[in-house]
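Take a look at the letters that make up each chain.
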Amino acid sequence: MNRKVLVTGGTGYIGSHAVVELQAVGFEVLIIDDLSNSTAEVVDQIEKISGIRPGFEVFNLLEYERLQTFFVTNPGIEAIIHFAAFKAVGESVEKPLAYYRNNLVSLMNILDCMSEHKVPNLVFSSSCTVYGQPDQLPVTETTPKKDAESPYGNTKAISEELLRDVVNVNPEINAIALRYFNPIGAHPSALIGELPRGIPNNLVPFITQTAAGIREQLSIYGDDYNTSDGSCVRDYINVVDLAKAHVIAINRLISHTNNDRYEFFNIGTGNGASVLEVVHTFEKATGVNVNYKIVARRAGDIEKIYADTTMANNVLGWKAQASLSDTLLSAWNWEKKIRNIK
Ligand code: UFG
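Figured I'd write up the structure that's included with this text. This is a predicted model, so every value here is computed, not measured. Within each chain, residues carry numbers counting from 1 in the order of the written sequence. The predicted origin of the model limits local features to residues at a pLDDT of at least 70 and limits the giving and counting of side-chain atom pairs to 80 or more, whereas totals for whole chains, interfaces and linings rest on all residues. Only hydrogens and water are set aside when side-chain values are computed; all heavy atoms of the structure are taken into account.

### Quick look at the sheet that holds strand E4 (residues 77–82)
(1) Moving on: Taken together, 7 strands build an open sheet; the order of strands is E3-E2-E1-E4-E5-E6-E11 and the sheet is parallel. Here the strands that pair on one side only, and so sit at the sheet edges, are strand E3 (55–58) and strand E11 (262–267). Taking the axes of each pair of neighbouring strands and ignoring which way they run, one obtains an average angle of 15° across the sheet.
(2) Moving on: Here E4 pairs with strand E5 (residues 121–127) via 4 bridges, running parallel. Within the sheet, the bridge partner assigned to Ala-79 lies in E5 and is Asn-121.
(3) Moving on: Throughout, a residue-residue contact means that at least one pair of heavy atoms, one from each residue, lies within 4.5 Å. Axis definition: a line fitted to C-alpha atoms, over the contacting stretch in the case of helices. Angles run 0 to 180 degrees between N-to-C directions. Only DSSP runs of H or I reaching four residues or more are called helices, and only runs of E reaching two or more are called strands; each is numbered from the N terminus. In the packing of helix H5 (residues 96–117) onto the sheet, contacts are made with strand E1 (4–8), E4 and E5, and the angle to E5 comes to roughly 165°. For two strands to pair, DSSP has to find at least two bridges joining them.

### Digging into the site of the ligand
(1) Moving on: Consider each residue's heavy atoms; a residue with any of them within 4 Å of a molecule or strand counts as near. Taken together, 20 residues surround the ligand, and among them Asn-202, Leu-203, Ser-219, Arg-234 and Asp-301 come closest.
(2) Moving on: Asn-202 has a polar side-chain atom sitting 2.9 Å from an oxygen atom of the ligand.
(3) Moving on: Side-chain atoms alone can form a polar contact between residues adjacent in sequence; in general such a contact is a pair of N or O atoms within 3.5 Å, and within protein one must be able to donate a hydrogen while the other accepts it. Within the backbone of Tyr-221, one N or O atom sits 3.0 Å away from an oxygen atom of the ligand.
(4) Moving on: Surface accessibility follows the Shrake-Rupley procedure with a 1.4 Å probe radius. Residue values consider only the protein chains on display as shielding. Summarising the interface, the protein chains cover 89% of the accessible area of the ligand, which totals 680 Å² for the free molecule.
(5) Moving on: Secondary-structure elements contributing two or more residues to the shell around the ligand are helix H7 (203–211) and strand E8 (218–221).
(6) Moving on: Considering every element that reaches the shell around the ligand, the biggest residue donor is E8, with 4 residues.
(7) Moving on: When residue character is reported, Ala, Val, Leu, Ile, Met, Phe, Trp, Tyr, Cys and Pro are called nonpolar, Asp, Glu, Lys and Arg charged, and the others, Gly included, polar. Taken together, the residues that form the shell around the ligand break down as 11 nonpolar, 6 polar and 3 charged.

Dropping the structure here:
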C-alpha cells in the first residue's frame, strides 16, 4: 500500500508542484484546499502530469469539525505538508486579523488533529521573511531573526515558534520547517504554475505578464540600493527544485533520520540575483523584451537576502539544480500556455 500524505494548500502554486513530486515517488496524496487562491482545475492538471488523481476536498482549515471528520474518514495518513496560508505581504498589512487567524489557527488545528489522530510528521512552509534584513549574508539557519516586516511575515515567525514549542511537549510529533527564499518558475510541462489573482505583487509574474502584453510596464522598485546595480537582491529558487525538498523532508521524517524532532532549513540556491539581472536574464532566455522603468523604492522591501544552503545540502542532501535562465523560461512557457500565446 502506498504511504499517505496530506497536502494542505495542494492546489496552490508550490503545493501543486509538491503533489506531483510526491506522486512521482509513489506517495498517495490527499489534498485539502479552500480554493481561496487557486482553482479546482489544478487537480485535473496534476492528474494530466502524473496520471494519478489525488484525493481532493474543498474546505478551510479553520473548520475544525470538518478537519476532524477528514482524519476519521482518511485513516493512516503518515505525514502532512502544510502549505495552506494567506501569503500577500501588502494585504496582510490591511487585514492583519484575517492573516493571523487564518495562518495561525489553521496550523493549530492541524497540530491538534495530529495528536488526536496519530499523524506523526509535519513539513511546514516557512519563509526567509523570518530573517528580515539580516546583518550578515548569506543567511544561515542560525542567523538571528529580526522583527517581521509585515503581519504575514510575523505569522511565519510565530508559526515556527509555535511548532517548536508544540513538538517539545509532544514526543509523538516530528516537524521540519522549510524556509523558502523566492520561489519562481513552473512545471516543465507548463500544466501547472503560478496563477496570481489580479495585478501580481511578485516580480516574475509581473515580468511574464508584461512580456505577454497584459501589463504595460514593469516598475522596478528602486535602483539606489547598496547592491551591484542598485536594484534589490533575492535568492530565486525554482519551484520544482523547491517541491523536491519537501519530498526529501517527508522521507527524512518517515524514516526517522532527523537529528532533532524539530528542524528547519533554508531552501534557496545560495546565489543572489538583482531585479535588473532577473529582467535581463529573462530577456536573454526568451528573446522577448520587457518594458520597464525604474520607480521609487517599495515600502518594506529589504535590500538583499540570499541563503546559505550548507544545511540543506549536507543534512537533507538537497541542492537546487535549475539555472535562473531555465527557470525564467519555464515561467514564460507557463504564461504563454495560459494566455494561448504561440
Ligand atoms: N519587484 C519589482 N517590481 C515588481 C515586483 C517586485 O521591482 O513589480 C522587486 C521587489 O522590489 C523585490 C524583488 O522584485 O526587490 C522581489 O519582489 P517579490 O515581491 O517578488 O518578492 P519579495 O522578496 O518581496 O517577497 C517574497 C515573497 C514573500 C516573502 C518574502 C520574504 O513573495 O512571501 O519574499 O522576503 F515574505
